[in-house]
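Structure at a glance
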Amino acid sequence: MALATPARARRDPQTAAAVLLAAVLLATFGLNLVNDALSTRPTVQLWTTMFVAVCVQAMPFLVLGVTVGGLVEALVPDGLIQRLLPRSAALSVPTAALAGVVLPGCECSSVPVAGRLVGRGAPAPAALAFLLAAPAINPVVLVATSVAFPGRPEMVLARFVASVGAAVVVGWLWARFASDALTARALRRSAAMGDGAGGHAHADHGHGHDHAGHEHGHDHDHDTTGGGRLSRFFAAAQHDLLHAGGFLVFGAALAASLHTFVPRRVLDRVADHGLLAIVALAALAVLLAVCSEADAFIAASLPQFSLTSRLVFLVVGPMVDIKLVALQAGTFGRRFAVRFAPLTLVVATLSAVATASWLL
Amino acid sequence: MRPRSSLDRVVAAAFPLLIGGLLLRLVVTGHYRNFVKASMWPWLTLSGFALLAAAAWELASSRATGAGHRPRVAWLLLAPVVVVLGVAPTSLGAVALERTSARATRVYEDGSWAKLPADGVPIAMTIGEFVERTYAGDTVTGVPVRLTGFVVPDDPGTGTFRVVRFRIACCAADAAPVAVQVVSGAAEVPPADTWVTITGELVPDDPAVLDPRFAATAVEVVEQPVSPYEAIVLPE
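Residues numbered from 1 in each chain as written. Chains lettered and ligands numbered in written order. Predicted model: local features only at pLDDT ≥ 70, side-chain atom pairs only at ≥ 80, totals over all residues. Heavy atoms only, no water.

1. Things to note about the overall build of chain A
- For chain A, the helix and strand inventory stands at 18 helices and zero strands.
- Here chain A holds 360 residues, and the buried ones make up 56% of them.
- Counting only carbon and sulfur atoms, one obtains 68% of the accessible surface of chain A, whose full area is about 14,500 Å². (Helix = DSSP H or I, 4+ residues; strand = E, 2+ residues; numbered from the N terminus. Buried < 20%, exposed > 50% of the residue type's maximum accessible area, 1.4 Å probe, protein only. Areas by Shrake-Rupley, 256 points an atom, 1.4 Å probe, with all protein chains shown as cover.)

Structural data, given as structure tokens:
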């Protein structure tokens, strides 16, 4: 272990991180000293209460999600995915979408898992269908939806149906129309992405830089020793926690700002216009970037909007939002994300509207 | 990759440690009820300990090399810690009401609510249920009730004030207010955000009024209830 000389400390990112951490904590206590002046300002009171509320509410779900994501990373053997999926796209896409029910995580855990599926040889359209469906139809999200909409079990069913429908349609469209170059590139990137676990870290964290042609050795088997698996588990969970947690907090800040600074009258005005309300909540879902476990509670806080437009919010949110697009761009490439996101947005909105007119 | 220093471990461990510590601290002090439902404590406790376990692993892990750079967005994870430690937010009160013109009421049909016993003994209920009952039928007309909420004075000089509660489906971010307006029976208007239990009856009125008018026979200052927020009560 190298001791940090002054010159090295300036260059060393870890030392810089430690200094930054200390500064943040010191600033916290400084903030405490001026708290009296701050807390008399009503907007500060309101914003901070709502911000902390969303963070605290969503955090246990996020921890659950990254825990299961870590288990999947550590325990699923190589080759299992290919053996389980049907060969044709027509069948593998719906199968993979429905398989999403087993992954109780927010969309942040489904992205690295889907990346690993593609890297293991699963067909891209199936992996993408899984990526879209898993955050919306897993048990944790469905339970959260039922809790947030007490007395309305049809919302849970509608969310399930609309989300699976949208995931399957996107998967089929991708199988039919996506160019091989795009898929091959996505394959290369996800293979290069590696595990993020135990010593083979090859982090590509959503900043879009290109690793074309840089095949990372991906032929290694899972380390089957207990220590290896535990290490993979914690590394994957920590990785997902840092990514998803950061974006969750960002979404919480946006939600708090929305509730604090936008007079409810503005929302009420839009709420009454059927088509405008749908567009508004679809846009809100994209901008709000809250994890799927928490978005049901946000939707529940907008009772002035129709159930249809709120279903649109619930179906669009886990599939395309600003943090998710960033994660997808980082994992699969910017060109991929630019095509994938708008396609998903349109399909998800239409699927939700169609399902709402049938079930709600 | 250069070898992983103990400083790396500390920094990496700090993130789950601080978040887990925050969750556990909020449960232990009871402050979590300012933000989420009181029933959330098992979830918060469990995930708090899970995060501490992750932090412990980071410190103890024998990985020889660093695990790749931390994404810049991860620093946001510290924001809730900073806010709670620095600003110590409280539950929503009179100030929050100013920002909301709408009230949190669903529309039930007349007859949805069960009749109440009419033996003259005041019945304790949530403000939400009381308001819902006034909107859907006349099940509370002539029935003495006991309600608990915090005071929001009306314009000075009118002598009236509202008793308000926030209802939440899940957390404070979806909180929406319900209120009654006390129009008689109070010697003086208590200060804003005072928690009171009022006993009295509905003043039968034009149903279009936003907050049902209430004639109090008793206004008692009380401690803030264990949970400042009301749960949503549905008709049977």
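Let's pick the thread back up.
2. So, the overall build of chain B
- Of the regular secondary structure elements, chain B holds five helices and seven strands.
- Secondary structure elements of chain B occur, N-terminal to C-terminal, as α-α-α-α-β-α-β-β-β-β-β-β.
- Residue pairs in contact within chain B that sit at least 24 positions apart in sequence constitute 67% of those at least 6 positions apart.
- Element-wise, carbon and sulfur atoms account for 59% of the exposed surface of chain B, whose accessible area totals about 10,400 Å². (Contact = heavy atoms within 4.5 Å.)

3. So, the nonpolar core
- The biggest cluster of nonpolar side chains holds 123 residues, and the ones touching the most others in it are Phe51(A), Phe313(A), Phe340(A), Phe15(B), Val36(B), Leu44(B) and Leu92(B).
- A per-element tally of this core places helix α4 (residues 42-75) of chain A first, with 14 residues.
- Sequence-distant contacts of Phe340(A), defined by excluding residues within four places in its chain, comprise Leu128(A), Leu131(A), Leu132(A), Val170(A), Trp174(A) and Gln328(A).
- The next biggest cluster of nonpolar side chains, apart from the first, holds 21 residues, and it includes Met125(B), Val182(B), Val196(B) and Ile198(B). (Core = buried A, V, L, I, M, F, W, Y, C linked by side-chain atoms within 4.5 Å.)

4. Some points on a nonpolar patch on the surface
- On the surface, a nonpolar cluster with roughly 390 Å² of combined accessible area is contributed by Phe250(A), Leu254(A), Leu287(A), Ile322(A) and Leu76(B).
- When you line up the elements, Ile322(A) lands in helix α17 (residues 322-332).
- Taking the relative accessible area as the measure of exposure, Ile322(A) reaches 36% and is therefore partly exposed. (Patch = residues over 30% accessible without salt bridge, like charges linked within 9 Å, V, L, I, M, F, W, Y side chains within 5 Å. Salt bridge = Lys/Arg side-chain N within 4 Å of Asp/Glu carboxyl O.)

5. Section: unusual backbone geometry
Residues and elements named next belong to chain B.
- Phi angles above zero are rare outside glycine, and Ala88 is one such case at about 50°.
- Its location among the elements puts Ala88 in the loop between α3 (78-87) and α4 (94-98).
- The backbone of Asp193 shows a phi angle near 70°, a positive value even though the residue is not glycine.
- Position of Asp193 among the secondary structure elements: in the loop between β4 (176-184) and β5 (195-202).
- Take Asp193: its relative accessible area is 38%, and that puts it in the partly exposed class.

6. Focus: the pattern of salt bridges
All names here are of chain B.
- Taken as a whole and judged by the stated rule, the model has four salt bridges over all chains.
- Across the pair Arg133 and Glu129 runs a salt bridge whose closest N-O atoms are separated by 2.9 Å. Pair noted here: Arg133 and Glu129 are both in helix α5 (residues 127-135), with a separation of four residues, about one helical turn. Just as Arg133 is buried, Glu129 falls in that class too.

Geometric values such as these leave the question of function open.
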